[in-house]
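These are the residues of each chain, in order.
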Amino acid sequence: MISLNYRDSRPIYEQIKDGLRKLIVTGAIGTDEKLPSVRSLATQLSINPNTIQRAYNELEGEGYIYSVPGKGSFAAGEADAGMSRRKELWEKVRELLAELRYLGVRQEELMVLLQEEPSGGTPAGKGKEEMP
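For the structure given in this document, a descriptive report is provided here. Computed from a prediction, not measured in an experiment: that's the story for all the values here. (Residues numbered from 1 in each chain as written. Predicted model: local features only at pLDDT ≥ 70, side-chain atom pairs only at ≥ 80, totals over all residues. Heavy atoms only, no water.)

## Notes on the pairing of strand β2 (residues 72-75)
Note: strand β1 (residues 65-68) against β2, 4 bridges, orientation antiparallel. In the sheet register, Ser67 faces β2, and the bridge partner there is Ser73. Linking two consecutive strands that pair antiparallel, namely β1 and β2, is a turn of 3 residues; a positive phi of about 80 degrees is found at Gly70 within it. (Pairing = 2+ DSSP bridges. Helix = DSSP H or I, 4+ residues; strand = E, 2+ residues; numbered from the N terminus.)

Set out below in structure tokens:
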């Protein structure tokens, strides 16, 4: 399910988050499928349950999972997870654009960048939904 690399510079909870996120996005964990309990996953991976709890809390905050008190944690629907990730990426784009403006890049140059077609994707502004 999830493999940990103790030589990785990323913290263990982030590796767990990334592993679970990947399983959810690829469909290996289906929508509304129950995730392992914090204790069972901690035992399986031989790590502190607080580490698992931190990963679950962050995944819930990002919209990839949801918790039902007394029942456990479940994978959110792809639409929920995708929308959450999309908002997160748009925020990063806004930050980068603000920094480019600060560094003196003209608005016309930024518009050209935004109109370029990314490799393997759709041209900017021509996706399914446009974010605010």
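## Focus on the environment of Glu60
With respect to the helices and strands, the residue Glu60 is situated in helix α3 (residues 49-62). The class of Glu60 is partly exposed, set by a relative accessible area of 34%. Sequence spacing of Glu60 and Phe74 is 14 residues, and the spatial spacing of their C-alpha atoms is 9.4 Å. Non-local contacts of Glu60, meaning those with residues more than four positions away in its chain, are made with Ile65, Tyr66 and Ser67. (Buried < 20%, exposed > 50% of the residue type's maximum accessible area, 1.4 Å probe, protein only. Contact = heavy atoms within 4.5 Å.)

## Side note on the side chain of Gln15
Tracing the sequence through the fold places Gln15 in helix α1 (residues 12-25). The exposure class assigned to Gln15 is buried, which follows from its relative accessible area of 5%. One polar contact links the side chain of Gln15 to the main-chain amide nitrogen of Asn5, over a distance of 2.8 Å. Not counting residues up to four positions away in its chain, the partners in contact with Gln15 are Ser3, Leu4, Asn5, Asp8 and Arg10. (Polar contact = N/O pair within 3.5 Å; in protein donor to acceptor, adjacent residues only side chain to side chain.)

## Focus on the nonpolar core
Formed by 21 residues in total, the largest nonpolar core has its most connected members in Ile16, Leu20, Ile52 and Tyr56. Counting residues per element, the ones that place at least two in this core are α1, α2 (38-45) and α3. Looking at which element gives the most residues to this core, the answer is α1, with 5 residues. Beyond its immediate chain neighbours, meaning those up to four positions away, Tyr56 contacts Leu20, Leu35, Pro36, Ser37, Val38, Leu41, Ile65 and Ser73. (Core = buried A, V, L, I, M, F, W, Y, C linked by side-chain atoms within 4.5 Å.)

## Some remarks on the packing of aromatic side chains
Evaluated as defined, the whole model comprises 1 aromatic pair. Relative to Phe74, the ring of Tyr66 has its centre 5.6 Å away and its plane inclined at 20 degrees; by these criteria the two rings are stacked. The side chain of Arg54 reaches across the aromatic face of Tyr13, ending 3.8 Å from its centre. (Phe/Tyr/Trp six-rings, centres within 6.5 Å; stacked < 30°, edge-to-face > 60°. Lys NZ or Arg CZ within 6 Å of the ring centre and 35° of its normal.)

## Observations concerning the pattern of salt bridges
The final tally for this structure, using the stated rule, is 9 salt bridges. Across the pair Asp8 and Arg10 runs a salt bridge whose closest N-O atoms are separated by 2.9 Å. The partly exposed category is assigned to Asp8, whose relative accessible area is 24%. Its relative accessible area of 31% is what places Arg10 among the partly exposed residues. The salt bridge partner of Glu58 is Arg54, with a shortest N-O separation of 3.6 Å. Of this pair, Glu58 and Arg54 both sit in helix α3, 4 residues apart, which is roughly one turn of that helix. Classification of Arg54 as partly exposed rests on a relative accessible area of 42%. It is possible to trace a salt-bridge network through shared partners that takes in Asp8, Arg10, Lys17, Asp18, Arg21, Arg54, Glu58 and Glu62. (Salt bridge = Lys/Arg side-chain N within 4 Å of Asp/Glu carboxyl O.)

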